[in-house]
Amino acid sequence: FLTRIERPYDALTELEITSSMHTRKTRMYELADAFVTLSGGFGTLDETMEVLTWRQLDLHAKPIVMLDIAGWARPFLALVDAIIAQGFAAESHRRLITVATDVGEAMAVLRRAPVPEAAAPAERL
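Described in the following lines is the structure provided in the data block. What you are looking at is a predicted structure, and each value in this text was computed from that prediction instead of being measured.

1. Topic: unusual backbone geometry
Part 1 of the argument: A positive phi angle, near 60 degrees, is found at D58, a position not held by glycine.
Part 2 of the argument: As for its position among the elements, D58 is in the loop between α3 (42-56) and β2 (64-67).
Part 3 of the argument: On the basis of relative accessibility, which here comes to 61%, the residue D58 falls in the exposed class.
Part 4 of the argument: The phi dihedral of A70 falls on the positive side, at around 60 degrees, and the residue is not glycine.
Part 5 of the argument: If you trace the backbone, A70 turns up in the loop between β2 and α4 (74-85).

2. What about the sheet that holds strand β3 (residues 98-100)?
Part 1 of the argument: As summarised here, the arrangement of the three strands in space is β1-β2-β3, forming an open sheet in which the pairing is parallel. The open sheet terminates on both sides in strands that have one partner only, identified here as β1 (35-37) and β3. Across this sheet, the average inter-strand angle for adjacent strands is 25 degrees, counted without regard to direction.
Part 2 of the argument: In this sheet, β2 lies alongside β1 in parallel orientation, the contact comprising three bridges. Residue F35 lies in a different strand from β2, and its bridge partner there is I64.

3. Describing the pattern of salt bridges
Part 1 of the argument: The final tally for this structure, using the stated rule, is seven salt bridges.
Part 2 of the argument: Between E16 and R27 there is a salt bridge whose closest N-O contact spans 2.8 Å. With E16 in the loop between α1 (2-5) and α2 (21-31) and R27 in helix α2, the pair connects residues that are eleven residues apart, well separated along the chain.
Part 3 of the argument: The exposure class of E16 is partly exposed, given its relative accessible area of 37%.
Part 4 of the argument: Using a relative accessible area of 30% as the deciding quantity, one classes R27 as partly exposed.
Part 5 of the argument: Put simply, D68 and R74 hold a salt bridge, and the shortest N to O gap is 3.6 Å.

4. Here's the deal with the packing of aromatic side chains
Part 1 of the argument: Under the counting rule described, the total for this entry stands at two aromatic pairs.
Part 2 of the argument: Here Y29 and F35 contribute two aromatic rings whose centre-to-centre distance is 6.2 Å and whose plane-to-plane angle is 15 degrees, an arrangement assigned as stacked.
Part 3 of the argument: Exposure remark for Y29: the relative accessible area of 1% places this residue in the buried category.
Part 4 of the argument: Consider the rings of Y29 and W54, whose centres lie 5.4 Å apart with planes at 85 degrees: the pair is edge-to-face. Here Y29 is found in helix α2, whereas its partner W54 is found in helix α3, with 25 residues between them in sequence.
Part 5 of the argument: In this structure W54 comes out as buried when scored by relative accessible area, which is 6%.
Part 6 of the argument: Each residue in the set Y29, F35 and W54 is aromatic and connected to the rest through ring pairs, giving one cluster.
Part 7 of the argument: Here the basic side chain of K62 rests over the ring of Y29, its NZ or CZ set 3.8 Å away from the ring centre.

About the criteria used
- All chains use their own residue numbering, which begins from 1 and follows the written sequence.
- Residues qualify for local features only when their pLDDT is at least 70, as the model is predicted, and side-chain atom pairs are given and counted only at 80 or more; totals for whole chains, interfaces and linings, by contrast, use all residues.
- Excluding hydrogens and water, the side-chain values take into account all heavy atoms of the structure.
- The numbering of helices and of strands both runs from the N terminus, where a helix is a DSSP run of H or I of at least 4 residues and a strand a run of E of at least 2.
- Exposure is judged per residue with a 1.4 Å probe applied to protein chains only, and the accessible area is read against the type maximum: over 50% gives exposed, under 20% gives buried, and values in between give partly exposed.
- Being paired, for any two strands, means DSSP has found at least two bridges between them.
- Inter-axis angles, ranging from 0 to 180 degrees, are taken between N-to-C directions of lines fitted to C-alpha atoms, where helices are fitted over the stretch in contact.
- Salt bridge, as used here, is a side-chain nitrogen of Lys or Arg placed within 4 Å of a carboxyl oxygen of Asp or Glu.
- Centre distance within 6.5 Å is the pairing criterion for rings of Phe, Tyr and Trp, where only the six-membered ring of Trp is used; planes under 30 degrees apart are then read as stacked, over 60 as edge-to-face, and the remainder as tilted.
- By definition here, charges over rings are those cases where NZ of Lys or CZ of Arg is within 6 Å of the ring centre and within 35 degrees of the ring normal.

Now the structure itself:
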């Protein structure tokens, strides 16, 4: 259905079309060694929350980096901090997200990260 709403980026070298949003997010997870959140809208936040939740539940140990260019990520991080402060998540969960202020810093974080184990079977997700 997204092909009716969004036009694919013209310079793509490969395009996968899935049957649902959950299948799409699962497929992105399977292909990823790490997750880097760039500025975006609701879909970006949805995808970030899903991989963050999966990490919180120990379904994966892949790095999650949030790129905070021009303060874009600050409101999201404030919400995460409020959720923790109100007791809805553990303090340790804040460390599941690494914040980078530019692409070079994000790449350095990824280079230092341990190589993730093989992806969990899709049935676990």
